[in-house]
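One-letter residues, chain by chain:
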Amino acid sequence: MELNTIRDRSTEFHACVDSLARRNNLSNSRLLSPNQKQNTKSEFTKAAAQIAREINATVAKLHSLTRLARKKTLFDDRPNEINELVMAIKQDITKVNRQIALLQNHQRQQLQQHQSQAQQRQVQQHSAGVIASLQTKLASTSSEFKSILEVRTQNMRDQKSRRDQYSAPSSSFIAPPTSTLATASSAMNTSIFTPASVSSDATGVTLFSGEFSLFAPAAPSAHYSSLYNPDHNPYAAVTTSDKLDDAAADGLRNRGNGNSSSVIEIGNQQVFMPQQNNVATMEYIESRGQAIESIESTIAELGQIYSQFTQILSQQREMVQRIDMNVMDTEVNVVNAHNELAKFLDRLQGNRWLMIQIFAILVVFFMLFVVVA
Amino acid sequence: MPKVFSIAVADTNGGCQILAAENDLMSFNYFQRGSVQEFLGFFIKTAVERTQRGMRQKIEEQQMYVGHVYVRSDGLAGVIVTDIEYPTRSAFTIVNKILDEFSAKFPKSQFAGMSPANTSSVYPELKEQLVKYQDPHAADPLLRVQRDLDETKIVLHKTMESLLNRGEVLDDLVQRSDQLSSQSKMFYKTAKSTNSCCTY
């Protein structure tokens, strides 16, 4: 591809221009300073254009990777091409990132050197805008890349399950290479690979700190033969279709008998997979695996407990609300009853006074009648 | 209480040569310590010589002491002598860590001139680590995490219990407040009726 022949020499260009500028500065500064400024500005735009070109190249590669990854055939999967493309795209993204950072630093330096106020703001805004647009473009590219990788891992998983249906007996050696995939990914420091490392039917080996996942959990010796036998149908032997598993199978096949470790090339990194045959290491590795499993189950239990918690708590909230309502009703009732009683008391007292009056009048009339009669 | 007796780093390139060693022999009699130390040195040498590169080994002795040996593929070897209760996994974790630290701190060129005596002055961390790793939980992050998780689980269980108690109390409160409200309603009705019946 002709895109591979484009080399990035913008740093050399920058160095040339700087040396030239310095030389010009020493001899005749004022006449050439507008030229200098234009030089640096055009330098900036040249670098930005270079970066934009590289981003476009990366986007093109990403498109081709998308096409490859979307194919769903069972046997025509071309892992090598895909892996090469993935590697290339990743490198490109990091390179572009670095260049953008360089450009940003360069731009900041330029601004510190030239102190003219009027132009500075415009230049600043323009360069900031250019850098921002480059960065957003790069970010969108990398997010597309991530989604493509997720699609690819999903496809791989489907392929694996389909293969498992057809070649059942040799399908149980799955767990170790996926954990080393976890290592390679954490070692390579991309969070992009985390979807790939959560394998569907690993026995609870989830993604923990990469310290111990370097050592593949022990595989019983029966499965050694299924991988070690070169006469096997390659799809039955290499049932796991992750890129690391191909490398792992190669490493195991290259191993000879009973050697201590195998160095496996994965992209541009090496992963040591000790396949020890002695008891202590097996014990060590198994105990780590068990510890990890128990930790995982404990955490799952804790999660369950928490969810039960919240359930019970929400039920109790209803009860508290009911209590609240009841108490308020009680208050209202008591207040009203108190008012009624107060009225009653008033009436009673009032009534008594009236009764006394009437009684007094009656007594007076009685007295009158008695006295008259 | 699991104990670590000694930690040592040795170099297997060209015959076994002990590069650094730290011992903790407080549990032995004062008069036994000299012979125990010699025995430890001998044991380390033999174990390292008999172990292949890239292999780990666990050697038990008299049902009381265990030596964990790990020989790295580049020839550097680490040995830990503990008692039986010490979990194997933490022992090997410690060995790994110490080997990494050691190889980071001292380049290969210095290996020739080292011996336990003069290394202890340059590498005091080994002594500190020996003291620190007496507790296996400090060494192995897995163990630590497990222990913390278990404690958390216990705390959560207690909380669940108290929550259920709270549920019962709340239930009781609901009933009582229900009764209260109905009684107050009766009170109100009675008061009202008392008021309404006798009008003069």
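Bear in mind that the values here come from a model prediction, so they are computed numbers and not experimental data. (Residues numbered from 1 in each chain as written. Chains lettered and ligands numbered in written order. Predicted model: local features only at pLDDT ≥ 70, side-chain atom pairs only at ≥ 80, totals over all residues. Heavy atoms only, no water.)

### A short note on the overall build of chain A
So, step 1. Looking only at helices and strands, one finds ten helices and two strands in chain A.
So, step 2. The secondary structure elements of chain A, listed N-terminal to C-terminal, are α-α-α-α-α-α-α-α-α-β-β-α.
So, step 3. In chain A, which comprises 373 residues, the proportion classed as buried is 38%.
So, step 4. Contacts spanning at least 24 positions in sequence make up 76% of the contacts within chain A whose residues lie at least 6 apart.
So, step 5. Only carbon and sulfur atoms are counted for the fraction: they give 57% of the accessible area of chain A, which is about 22,300 Å². (Helix = DSSP H or I, 4+ residues; strand = E, 2+ residues; numbered from the N terminus. Buried < 20%, exposed > 50% of the residue type's maximum accessible area, 1.4 Å probe, protein only. Contact = heavy atoms within 4.5 Å. Areas by Shrake-Rupley, 256 points an atom, 1.4 Å probe, with all protein chains shown as cover.)

### Structural notes on the pairing of strand 2 (residues 17-23) of chain B
So, step 1. One ladder, built from six bridges, connects strand 1 (residues 4-11) of chain B with strand 2 of chain B; its direction is antiparallel. Within the sheet, the bridge partner assigned to valine 9 of chain B lies in strand 2 of chain B and is alanine 20 of chain B. (Pairing = 2+ DSSP bridges.)

### Structural notes on the confidence of the model for chain B
All names here are of chain B.
So, step 1. Per-residue confidence for chain B gives a mean pLDDT of 83; residues scoring 70 or more make up 93%.
So, step 2. Of all the helices and strands in chain B, helix 3 (residues 116-122) carries the lowest mean pLDDT, 69, while helix 6 (residues 141-197) carries the highest, 90.
So, step 3. Reported confidence for the predicted complex is 0.72 by ipTM and 0.44 by pTM. (pLDDT = per-residue confidence, 0-100.)

### Concerning a nonpolar patch on the surface
So, step 1. On the surface, a cluster of nonpolar side chains totalling about 490 Å² of accessible area is made up of Ile358, Phe359, Leu362, Val363 and Met367 of chain A.
So, step 2. Looking at the element boundaries, isoleucine 358 of chain A is found in helix 10 (residues 279-372). (Patch = residues over 30% accessible without salt bridge, like charges linked within 9 Å, V, L, I, M, F, W, Y side chains within 5 Å. Salt bridge = Lys/Arg side-chain N within 4 Å of Asp/Glu carboxyl O.)

### Quick word on helix 2 (residues 88-105) of chain B
So, step 1. Compared with the 26 Å implied by 1.5 Å per residue over 18 residues, the 26 Å span of helix 2 of chain B between its first and last C-alpha is a close match.
So, step 2. For helix 2 of chain B, every residue scored as buried is listed here: Thr88, Arg89, Ser90, Ala91, Phe92, Thr93, Ile94, Val95, Asn96, Ile98, Leu99 and Phe102 of chain B. (Expected span 1.5 Å × (residues − 1).)

### As for the sheet that holds strand 2 of chain B
Residues and elements named next belong to chain B.
So, step 1. Pairing within the open sheet is antiparallel, and its five strands lie in the order 2-1-5-4-3. If you trace the sheet from one side to the other, it starts and ends with strand 2 and strand 3 (56-61), each paired once. Each strand of the sheet is rotated relative to its neighbour by a mean of 15 degrees, with strand direction disregarded. (Axes fitted to C-alpha atoms, helices over the stretch in contact; angles between N-to-C directions.)

### Focus: the nonpolar core
Generally speaking, a soluble globular protein has its nonpolar side chains buried in company with each other.
So, step 1. The biggest cluster of nonpolar side chains holds 25 residues, and the ones touching the most others in it are Ile7, Val9, Tyr86, Ile94, Ile98 and Phe102 of chain B.
So, step 2. Secondary structure elements with two or more residues in this core: helix 10 of chain A together with strand 1, strand 2, strand 5 (76-83), helix 2 and helix 4 (125-132) of chain B.
So, step 3. Per element, the largest residue contribution to this core is seven residues, and it comes from helix 2 of chain B.
So, step 4. Sequence-distant contacts of isoleucine 98 of chain B, that is, excluding residues within four places in its chain, are made with Ile7, Val9, Tyr123, Leu126 and Gln129 of chain B.
So, step 5. Listed in part, the 24 residues of the second largest apolar core include Phe44, Ala48, Ala69 and Leu149 of chain A. (Core = buried A, V, L, I, M, F, W, Y, C linked by side-chain atoms within 4.5 Å.)

### Concerning the interface of chain B and chain A
So, step 1. Contacts between the two partners involve 46 residues from chain B, matched on the other side by 46 residues from chain A.
So, step 2. Summed over both partners, the interface of chain B with chain A comes to about 4,300 Å²; 67% of that surface belongs to carbon and sulfur atoms.
So, step 3. Across the contact surface, chain B and chain A share two salt bridges.
So, step 4. In this structure, lysine 153 of chain B engages glutamate 301 of chain A in a salt bridge whose closest nitrogen and oxygen atoms are separated by 3.0 Å.
So, step 5. On inspection of chain B and its partner chain A, the count reaches eleven residue pairs in polar contact (both at pLDDT 80 or more).
So, step 6. Secondary-structure elements contributing two or more residues to the side of chain B that touches chain A are strand 3, helix 2 and helix 6 of chain B.
So, step 7. It is helix 6 of chain B that contributes the most residues to the side of chain B that touches chain A, 32 residues altogether.
So, step 8. Of the residues belonging to the side of chain B that touches chain A, the class tally is 19 nonpolar, 16 polar and eleven charged. (Buried area = accessible area lost by both parts, 1.4 Å probe. Polar contact = N/O pair within 3.5 Å; in protein donor to acceptor, adjacent residues only side chain to side chain. Nonpolar A, V, L, I, M, F, W, Y, C, P; charged D, E, K, R; others polar.)

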